[in-house]
Amino acid sequence: MFNLLSIISSYLGYINVNVKLKNRIYTILGALGNLYLLYVALRFFANGFYFRGFLFILAFALAAYFSYLNILYYFTKDKKSRYDISPIIERWLHIAPPEAAEEGEMRRSAGPQPGYIQTNGLFDDDQEFLPAVITASSRERANIQQVVSDLERKGYLQLDYAGKSNQEIYRSGKRQAALSAPVTLPYYELVQTGKYLEVYGGVNQMERLPLGRVKTVGLLPAAEAMARYHLYLASAAIIKGPYKFAGRSDVVVQARDFDLDIKVAYRERGAHPQHAAAGVETGEGLHRTQAREMEAEEQATHQTSRRAATAEDEPPLRRRQAQQKHSGFRDFWK
C-alpha cells in the first residue's frame, strides 16, 4: 500500500500542475493511506496483539486528525477549525503563520524597497555623487528620530528586523538591525543659511524639520565646496537604528539612534551658466523672493481698489457725458 502511494507521489512530481491541486491530491492519498493503518490495527486486535493494535490505533487517530485539517484547508472556504492546535504549535516553535508572513510581505512591498535609494530627480549615468558628512545638534538628532517615528506610523517603513523572529536571530548569531536597509526620505532639500549648508527633510514639505548641517563634501570642507561647485542634494536616507544580537541565553536589544546618510551631486561653477542659480537654495534669497511676490500682489490689489473707488466717486454729469460719447461712436459705426 505504501509503495503504491510512493509511486503515485513520484509520478505527480513529474507533472507540472497547480500547487493547490497537487496538495488536494496528496491530501486524498494521505487519507487513503491512513485507512490502511486502521486495517493493520484491526488485524492486530483480531490476532490478539492488543498493545500493537493500540499503537496503530493512536497513529491512525493522529494521522486522521491532520487529514481532517488538510481537508478543511484545501477543500473548504473557511479553512479553519475549532479544534485546530496549529496556533499552539506555532507559538511553541516560534513559527510565523502563513497569513502573517503574507501580510508582512505585502506591507514591505507597499513601501520603498529595502536597499533601494531613490535620488532626488534623474541624473545622467556619468554624474558622480559625493558622500557628505553632516553634524547634528541634540535638537536635530531628536528631529531625525521624530521623522522615523512618523514614517513608521504612516507605513512608509517597517522596523521589523527584516521579518526575523528572536529565535532566527539567535540561531544565526549575527547582528540584525531594526531597519534592515537604508530608506530614502520622502522629502528632503539642501538650504544655504549664511555660510552653512542645512539639510531639511520630513514626511512632506509642510512638516519639514532641520536634520543637520553639512560639514564636508567629499574631502572638502563645506565652505570650500560651495565656493568651487554648485551643490545639489541627490539623496538622503535613514540608516542605523536599534539592533538585536545573540546574547548568552537569549536575544539582546541594543538601543541606537537613527542617522542620516546623504549624497551630493556637484557641477563646476561657470561650466553651465544657464544652471548657475539652480543649485543650493538660499534661505535669505527664498525670503526675499516671497517678500517681492507678496508686495507685488498687494500693489495690484491696491490699484484695483483705487480704480473702483474712482469710478464710484465720479460725478453723475461726467458719467452721462461719457456714456453719450460712447453711444455716439456706436451710432456712427452703425
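Heads up: these notes are all about the structure in this document. (Residues numbered from 1 in each chain as written. Predicted model: local features only at pLDDT ≥ 70, side-chain atom pairs only at ≥ 80, totals over all residues. Heavy atoms only, no water.)

### Considering the overall build of the chain
Part 1 of the reasoning: Per the secondary structure count, the chain includes 10 helices and 12 strands.
Part 2 of the reasoning: Counting only contacts in the chain whose residues sit at least 6 apart along the sequence, the fraction spanning at least 24 positions is 63%.
Part 3 of the reasoning: Element-wise, carbon and sulfur atoms account for 56% of the exposed surface of the chain, whose accessible area totals about 23,400 Å². (Helix = DSSP H or I, 4+ residues; strand = E, 2+ residues; numbered from the N terminus. Contact = heavy atoms within 4.5 Å. Areas by Shrake-Rupley, 256 points an atom, 1.4 Å probe, with all protein chains shown as cover.)

### So, the pattern of salt bridges
Proximity of charged atoms lets side chains of opposite charge pair with each other.
Part 1 of the reasoning: Scanning the entire structure with this criterion turns up six salt bridges.
Part 2 of the reasoning: Note that Glu198 and Arg213 form a salt bridge whose closest N and O atoms lie 3.0 Å from each other. Separated by 15 residues along the polypeptide, Glu198 in strand β5 (residues 196-202) and Arg213 in strand β6 (residues 209-217) bring together distant segments of the chain.
Part 3 of the reasoning: Here Glu198 falls in the buried class, since its relative accessible area comes to 8%.
Part 4 of the reasoning: Taking relative accessible area as the criterion, Arg213 reaches 32% and is therefore assigned partly exposed.
Part 5 of the reasoning: Ionic pairing is found between Asp259 and Lys240, a salt bridge with its closest N-O pair at 3.8 Å. One end of the pair, Asp259, is in strand β11 (residues 258-268); the other, Lys240, is in strand β8 (residues 229-240), with 19 residues separating them in the sequence. (Salt bridge = Lys/Arg side-chain N within 4 Å of Asp/Glu carboxyl O. Buried < 20%, exposed > 50% of the residue type's maximum accessible area, 1.4 Å probe, protein only.)

### Thoughts on the nonpolar core
Generally speaking, nonpolar side chains in soluble globular proteins are found buried as a group.
Part 1 of the reasoning: Counting residues in hydrophobic clusters, the biggest one holds 31 residues, and the most contacted among them are Leu185, Val199, Val214, Leu231, Ile238, Leu260 and Ile262.
Part 2 of the reasoning: If you list the elements that add at least two residues to this core, you get β1 (129-135), α6 (138-153), β4 (187-193), β5, β6, α8 (222-228), β8 and β11.
Part 3 of the reasoning: When residues of this core are assigned to their parent elements, the largest contribution, five residues, is made by β8.
Part 4 of the reasoning: Leaving out residues up to four positions away in the same chain, Val214 has contacts with Ala132, Val133, Ile134, Leu190, Leu197, Val199, Ala222 and Ile262. (Core = buried A, V, L, I, M, F, W, Y, C linked by side-chain atoms within 4.5 Å.)

### Thoughts on the packing of helix α2 (residues 19-46) against helix α3 (residues 50-75)
What describes two packed helices is the angle between their axes and the distance between those same axes.
Part 1 of the reasoning: Contact geometry for α2 and α3: axes closest at 8 Å, N-to-C directions at 160 degrees. Comparing their axes, α3 and α2 come out roughly antiparallel. Note on packing geometry: the crossing formed by α2 with α3 is left-handed.
Part 2 of the reasoning: A per-class count over the contact of α2 with α3 returns 19 nonpolar, seven polar and three charged. (Axes fitted to C-alpha atoms, helices over the stretch in contact; angles between N-to-C directions. Parallel < 35°, antiparallel > 145°, perpendicular 65-115°, else oblique. Left-handed = near helix turned anticlockwise from the far one by under 90°. Nonpolar A, V, L, I, M, F, W, Y, C, P; charged D, E, K, R; others polar.)

### Looking at the packing of aromatic side chains
Part 1 of the reasoning: Scanning the entire structure with this criterion turns up eight aromatic pairs.
Part 2 of the reasoning: Every member of this aromatic cluster is reached through a ring pair, and the members are Phe44, Phe49 and Phe56.
Part 3 of the reasoning: Positioned over the ring face of Tyr243 is Arg175, at 4.4 Å from the centre of the ring. (Phe/Tyr/Trp six-rings, centres within 6.5 Å; stacked < 30°, edge-to-face > 60°. Lys NZ or Arg CZ within 6 Å of the ring centre and 35° of its normal.)

### Considerations on the side chain of His230
Part 1 of the reasoning: Mapped onto the elements of the fold, His230 is located in strand β8.
Part 2 of the reasoning: For His230, the side chain forms a polar contact with the side chain of Arg269, separated by 3.3 Å. (Polar contact = N/O pair within 3.5 Å; in protein donor to acceptor, adjacent residues only side chain to side chain.)

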